Amino acid sequence: MSASAQNVTAAAEDRLETRSTTADSEPAVPEPRLPKSGLAPLSADVLRWIRAMAVLGALVLGYAIFNWDSPDLLKYLAFLSVAVFSSGVPIDVPGVSQPLPLTFLFVLFGTLELTRPETVIMAALMTLARCLSTAERTRPALTVFHISVATLAAAVSHGVYHAAFLESYQLDHSVRLAVSTAALFLADTVPASMLAGRMEESSLIEVWRSRHMWLLPYYAGGAAVAQVASIANRYVGWQTVLVTGPVMYLIYRSCRLYVERLAEQKKHAEDMSALHLRTIEALALAIEAKDHTTHDHIQRVQIYAMELAKVLKLSKHETDALRAAALLHDIGKLAVPEHIISKPGRLTPEEFEKMKIHPVVGAEILERVKFPYPVAPIVRAHHEKWDGTGYPAGMRGEAIPIGARIIAAVDCLDALASDRQYRRAMPLDEAMKIVTGESGKAFDPRIVELLTKHHAEWERMAQESVRIVKLSTDVKVKRGDAPAAGFESSDAKPSQASSPNDFLTSIAAARQEVQALFEISQDLGNSLSLDETLSVLAVRLRKIIPHHSLAIWVRRETVLVPEYVTGEDYRLFASLEIPIGTGLSGWVAHMSKPIVNGNPSVEPAYLNDPNKTSVLRSAVSVPLEGINGVTGVLSLYHMDRDAFTKDHLRVLLGISPKIGMSIENALRFRQVESSATTDFLTTLPNARSLFLQLDSEISRAKRANQSLAVLVADLDGFKQINDRFGHLEGNKVLRAVAAGLKEECREYDYVARMGGDEFVVLLPGARASDAEAAARRFCDVVTRTCQTLFSEKLLTASVGVANFPLDGSDAEELLAEADRRMYQEKRDRRENPQRANPYRKWEKPAASVLQ
């Protein structure tokens, strides 16, 4: 009988197409069904089995044709016509996915009333008709296999019934029919199960038990029907039996209508179940709208949980409960204040006590839904820990529902790998290491082991299937002028009880604002120190505008640099240099317009570094105008969304011109103060600063009883460079020489420019030999610099050295002696141009002392 074989091999082909898993658990992410043209080729083992059965089937069919015997050809043709027509009419059985074929019924009837060749050929033709009548035609190789199995099964059934050894025992016809039916069942189902097992690489027993055992009662019933038909054929004639066909068809149509009605009811139940699940998903989305986490969190938790359920082989009851609990495990957060849920930082003990109620509240909400599976216990226990330290009940180990243990581990993994208000997402592997570290403490070790093994594969599934749904919580609706009850009126006459209080409160608030603004204006003009000015401003602003962080950005060419930062995330803001036009403060500086309740997280966006983000949620920024345009930007940051009002912006705009002028004046004072002690061209200390430093170094040398060397260097030929190349090139030479001298010195040596082309170097702790070696290296610096810039040796240096305390005891004596020796060296070279620099003859090893 071929119909059963067709059902099994069709199921095997479907599994090859979809690569689905077990039949009783639906995959979390079903793969698309491939067309038949896209089927994988049959393996060599499968083809060998098909060829073997084809050979046996061909032998049996050939033997039947060669030994053809038909006592009543008309009777045979009549039954054959009915059989072939009926082979394409499967009967749907409620609760069974595969249709019930009728071909085995005619094979059993042929076993009782027809010859063996007639029965074999009828079985082959019925199977061929069935293969050709299906919506999707079977592969040619499998069609041959089905026909071969049908011929073999028909031959076995007929041979067993008419076997001589059974007749010798004089067994009753019904007993022989039962044995024949069992032989037909085995001959039909075992080869098909072997083929399906080879196609799916599954066990023969497992395939046979799951796909054929349900047919056995129908085979027994078919044997009874065949027996009745055989008796009727003997007593009333085969013509009368065929006349009953229309009656049987009416019965079939009635049964089919009943089955279709059952199918409609089943589909309605499935639709209601799907609607129920979608309602749950909508409720979960509502929870996400309150809990400002990533919008794909719940969907990802559900996918991980369902895959774990399949690996753990949970029952359908447990799997359905886990699916709903994965969506609704945080429903209890509806009872937790939003500022606690979305707090961008650690919770206080009081806030955590409030947060701990959400599993209890969630379970109480879901108990009212009356789920047909245990969802509430999973939600109640999803924060319990394996070692008993969780909440709310302190359950431990296996006492925690398996669904709660799954959600606890999966929820933690996804939370660590997702962005949160208080931190950036971790890489998935790092998050998995943290979860693994809690194995046996917070989480079930078996579940953690499975997560460790499969998390990469499940993450790919989640990324391919997660559909992010974001509610339009930030949309602005333009329609609707006023609520039905009207707005709260600011100029309405208050009641006598509240009027004096409100009135006095307004007056007090206005007085405090005026007083604070007066103090700020007064303080800003009291000091020219930029640091002092900004620190006082920060203290005053905190009293009138609540904020968690303050940053004052000063414009330097094309970037904003943080001049003063205080409060939350001060390390982040202090490390930034925001290009003009980027970030929140950069946009304010570029457009010279304020922003209220902007997003602070865009400040470091120009770095493209996911590790640099802010926990602050809103900001107000105003440009600080000076005489020459925008001097900087004042930005206040807050942890709450939309924390700043138009009144706050009004206050800042009122004082920003004063702040801008104060900062500009302080910056100018700093520049003037710096220029008083710094040479503008080379950025080296100038002569004024040199004398102060030299006095300090002499005092330190006296206290420590140490030596001090003073070197005075003058550039020979510098006027020739100015005359030949111009003063701009001369300035470039001076800057290059200054940089070269600093590179040749130690960190605590002091290099200054006296003026013109004359430099002074202080070498604390240097002996006379060290100073002479340093003087030689300084001459080399000058020579190399000129060679690099002009490719000619146009410049040399004359260096004079004075040592403390041998050559002088104060600054004037040391500088005078070093200057005298420098001019002496210059005269000697002028009198004898061919004379080499005397410093070039000194020993070099002493130079290492200054490195």
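A brief look at the structure comes next.

What counts and how
Throughout, residues of each chain are indexed from 1 in the direction in which the sequence is written. At least 70 in pLDDT is required for a residue's local features to be given in this predicted model, at least 80 for side-chain atom pairs to be given and counted, and no such filter applies to totals for whole chains, interfaces and linings, which use all residues. Water and hydrogen atoms were dropped before computing side-chain values, which therefore reflect all heavy atoms in the structure. By the criteria applied, helices consist of DSSP H or I runs no shorter than four residues and strands consist of E runs no shorter than two, each listed in order from the N terminus. Relative accessible area decides the class of each residue, using a 1.4 Å probe on protein chains only: under 20% of the type maximum gives buried, over 50% gives exposed, and in between gives partly exposed. Any pair of residues with heavy atoms lying within 4.5 Å of one another is described as a contacting pair. The protein chains shown are the only cover counted for residues, whose accessible areas, like all others here, come from Shrake-Rupley with a 1.4 Å probe. DSSP bridges decide pairing: two strands pair if at least two such bridges lie between them. Axis definition: a line fitted to C-alpha atoms, limited for helices to the stretch in contact. Angles are taken between N-to-C directions and run from 0 to 180 degrees. Each angle receives one of four descriptions, namely roughly parallel if under 35 degrees, roughly antiparallel if over 145, roughly perpendicular if within 65 to 115, and oblique otherwise. Crossings are sorted by hand: turned counterclockwise from the far helix by less than a right angle, the near helix makes the crossing left-handed, and turned clockwise it makes it right-handed. Centres within 6.5 Å are what make two rings of Phe, Tyr or Trp a pair, Trp counting through its six-membered ring; a difference in plane orientation under 30 degrees is then read as stacked, over 60 as edge-to-face, and the rest as tilted.

**Observations concerning the overall build of the protein chain**
Thinking step 1. In terms of regular secondary structure, the protein chain is built from 31 helices and ten strands.
Thinking step 2. Each of the 851 residues in the protein chain was classed as buried or not, and the buried ones make up 44%.
Thinking step 3. Residue pairs in contact within the protein chain that sit at least 24 positions apart in sequence constitute 67% of those at least 6 positions apart.
Thinking step 4. Put simply, the protein chain shows about 44600 Å² of open surface, and 57% of that area lies on carbon and sulfur atoms.

**Some remarks on the sheet that holds strand 5 (residues 618-626)**
Thinking step 1. Strand order across the open sheet formed by six strands is 3-2-1-6-5-4, with antiparallel pairing between neighbours. With one partner strand each, in any of the chains shown, strand 3 (578-579) and strand 4 (595-598) form the two edges of the open sheet.
Thinking step 2. Relative to strand 6 (residues 629-638), strand 5 is paired through nine bridges, and the arrangement is antiparallel. Note that in strand 6 the partner of V620 across the bridge is L636.

**So, the packing of helix 8 (residues 173-200) against helix 9 (residues 204-211)**
Thinking step 1. Two numbers describe how helix 8 lies on helix 9: the axes approach to 8 Å, and their chain directions differ by 120 degrees. Compared by their axis directions, helix 8 and helix 9 come out oblique. Where helix 8 crosses over helix 9, the two elements pack in a sense that is right-handed. Across the interface between the two elements, F185, L186, T189, V190, S193, M194, A196, G197 and E200 from helix 8 touch L204, V207, W208 and R211 from helix 9.

**A few points about the sheet that holds strand 8 (residues 750-755)**
Thinking step 1. In spatial order, the strands read 8-9-7-10; together these four strands make up an open sheet with antiparallel pairing. Among the strands making up the open sheet, the edge pair consists of strand 8 and strand 10 (796-804). Looking at each pair of strands side by side, their axes are set apart by 20 degrees on average, direction ignored.
Thinking step 2. Direction of pairing for strand 7 (residues 708-716) relative to strand 10: antiparallel, over a ladder of nine bridges. For D716, the partnering residue across the bridge sits in strand 10 and is T796.
Thinking step 3. Sitting on the sheet, helix 27 (residues 687-704) is in contact with strand 7, strand 8, strand 9 (758-764) and strand 10, with an inclination near 140 degrees to strand 8.

**Quick notes on the packing of aromatic side chains**
Thinking step 1. If you walk through the whole model with that rule in mind, you get five aromatic pairs.
Thinking step 2. Consider the rings of W553 and F573, whose centres lie 6.4 Å apart with planes at 90 degrees: the pair is edge-to-face. One end of the pair, W553, is in strand 1 (residues 549-556); the other, F573, is in helix 24 (residues 570-574), with 20 residues separating them in the sequence.
Thinking step 3. What makes F573 buried here is its relative accessible area of 0%.
Thinking step 4. Grouped by ring-pair contacts, the aromatic residues W553, F573 and Y637 constitute a single cluster.

**Side note on the pairing of strand 9**
Thinking step 1. Judged by how many residues are buried, strand 9 sits mostly within the fold: seven of seven residues are covered.
Thinking step 2. Note: strand 7 against strand 9, seven bridges, orientation antiparallel. Residue pairing in the sheet places V710 in a bridge with L762 of strand 9.

Structural measurements only, silent on function.
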